[in-house]
Amino acid sequence: MRYADGGGMTARERARREALRMRAAELFAAGSTAPEVAELLRVTPKSAYQWRRSWSAGGTASLVSRGPGGQRCKLRPALCEKLAAMLEQGPAAHGWDEDQVWTGARVATLIGRRFHVSYSVSGATRLMRRLGFTPQMPAHRAAERDEVAVAAWKKNIWPEVKGRGRPSGAGCASRTRPASTCGRPGDGPGAGADAPRW
């Protein structure tokens, strides 16, 4: 599961959880058991037992939050700002002039070239999202594609191929009910009162 800050809980959730652990430490010091703490604080017994073990081994200091989880960003905040400015310039400003699309692979390459830091494609994609950008997929077109011929075909031939569609008028929308009399002449199969019903 991914969270807003790239791993672990949000800062607000971490502070709330730490306050619960501090309250649990007070209750343990007062002689409460782990199941009692779990019930009072409305947490799982497993959490209460883990907190009790940590509190017994290291005191209240062992229950203090360690900060956000997950791997730290490899780029300092100043470099992240520089990267955001580079992404704003567009791919053509950095050598990708075949299309104006930032992909995860291109951003990973750009980070490697400019900052000498290795990023995976998925890591670069997550960093882009954190900076407010979305990765795009480039359109793969054949090198032999003739845009003039494609435009002429769309204008002249496609309308003929496409046709005009179904004629308007009374009809039956259901193609899955063969026993229906919809659209059949009055003397067709199933029209008479003596006709068997299936």
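Residues numbered from 1 in each chain as written. Predicted model: local features only at pLDDT ≥ 70, side-chain atom pairs only at ≥ 80, totals over all residues. Heavy atoms only, no water.

Chemist: Explain the environment of glutamine 50 here, please?
Modeler: You can see glutamine 50 is positioned in helix α3 (residues 45-58). Residues glutamine 50 and leucine 63, spaced 13 residues apart in sequence, show a C-alpha to C-alpha distance of 9.9 Å. (Helix = DSSP H or I, 4+ residues; strand = E, 2+ residues; numbered from the N terminus.)

Chemist: Help me understand the environment of alanine 19 in this model?
Modeler: Tracing the backbone shows alanine 19 in helix α1 (residues 11-29). For the pair formed by alanine 19 and valine 64, sequence separation is 45 residues and the distance between their alpha carbons is 8.9 Å.

Chemist: Explanation requested: the environment of glutamate 81 in the structure shown.
Modeler: Locating glutamate 81 in the fold gives a position in helix α4 (residues 77-89). In this structure the C-alpha to C-alpha distance between glutamate 81 and leucine 131, which are 50 residues apart in sequence, comes to 8.4 Å.

Chemist: Please clarify how the pattern of salt bridges should be interpreted in this entry.
Modeler: Opposite charge on two side chains allows them to pair when their charged atoms are near. With the rule as written, the count across this model stands at three salt bridges. With its nearest N and O atoms 2.8 Å apart, the salt bridge here joins arginine 16 to glutamate 13. Taken together, the residues arginine 16 and glutamate 13, both in helix α1 and three residues apart, mark about one turn of the helix. The class of glutamate 13 is partly exposed, set by a relative accessible area of 28%. For glutamate 147, the salt bridge is made with arginine 145, and the minimal N-O distance between the two is 2.7 Å. Relative accessible area serves as the criterion here: at 44%, glutamate 147 is assigned to the partly exposed category. (Salt bridge = Lys/Arg side-chain N within 4 Å of Asp/Glu carboxyl O. Buried < 20%, exposed > 50% of the residue type's maximum accessible area, 1.4 Å probe, protein only.)

Chemist: Just to check I follow, could you spell out a nonpolar patch on the surface for this structure?
Modeler: On the surface, Trp153, Ile157, Trp158 and Val161 cluster together into a nonpolar patch covering about 390 Å² of accessible area. When you line up the elements, tryptophan 158 lands in helix α8 (residues 158-162). (Patch = residues over 30% accessible without salt bridge, like charges linked within 9 Å, V, L, I, M, F, W, Y side chains within 5 Å. Areas by Shrake-Rupley, 256 points an atom, 1.4 Å probe, with all protein chains shown as cover.)

Chemist: In this structure, what is going on with the packing of helix α5 (residues 104-115) against helix α6 (residues 121-130)? I would like to understand it.
Modeler: Their axes nearest at 8 Å, the elements α5 and α6 cross at an angle of 90°. Considering their axes alone, α5 and α6 lie roughly perpendicular with respect to each other. Between α5 and α6, the contacting residues are Gly104, Ala105, Val107, Ala108 and Ile111 on the first element and Val121, Ala124, Thr125, Leu127 and Met128 on the second. In terms of residue class, the contact of α5 with α6 is made up of eight nonpolar, two polar and no charged. (Axes fitted to C-alpha atoms, helices over the stretch in contact; angles between N-to-C directions. Parallel < 35°, antiparallel > 145°, perpendicular 65-115°, else oblique. Contact = heavy atoms within 4.5 Å. Nonpolar A, V, L, I, M, F, W, Y, C, P; charged D, E, K, R; others polar.)

Chemist: Explain the packing of α1 against helix α2 (residues 34-41) to me, please; I cannot follow it from the model alone.
Modeler: Helix packing for two helices is described by the angle between their axes and how far apart those axes are. Between α1 and α2, the least distance of the axes is 10 Å, while the angle of their chain directions is 135°. Between α1 and α2, the angle falls in the class oblique. Taken as a pair, α1 and α2 cross one another with a handedness that is right-handed. Every residue of α2 that contacts α1 at Leu20, Arg23, Ala24, Leu27 and Phe28 is listed here: Ala34, Val37, Leu40 and Leu41. Looking at the contact of α1 with α2, its residues break down into eight nonpolar, no polar and one charged. (Left-handed = near helix turned anticlockwise from the far one by under 90°.)

Chemist: What am I meant to see in the nonpolar core here?
Modeler: Within soluble globular proteins, side chains that are nonpolar generally end up buried alongside one another. Ranked by internal contacts, the top residues of the largest apolar core, which has 20 residues, are Leu75, Leu83, Leu87, Ile111, Phe115 and Tyr119. Elements with a contribution of two residues or more to this core: α4, α5 and α6. The element that contributes the greatest number of residues to this core is α4, accounting for six residues. With sequence-adjacent residues up to four places away left out, phenylalanine 115 is seen in contact with Leu75, Leu79, Lys82, Leu83, Met86 and Leu110. In terms of nonpolar packing, the next biggest core, distinct from the first, is built from 13 residues, Leu20, Ala24, Ala38 and Leu63 among them. (Core = buried A, V, L, I, M, F, W, Y, C linked by side-chain atoms within 4.5 Å.)

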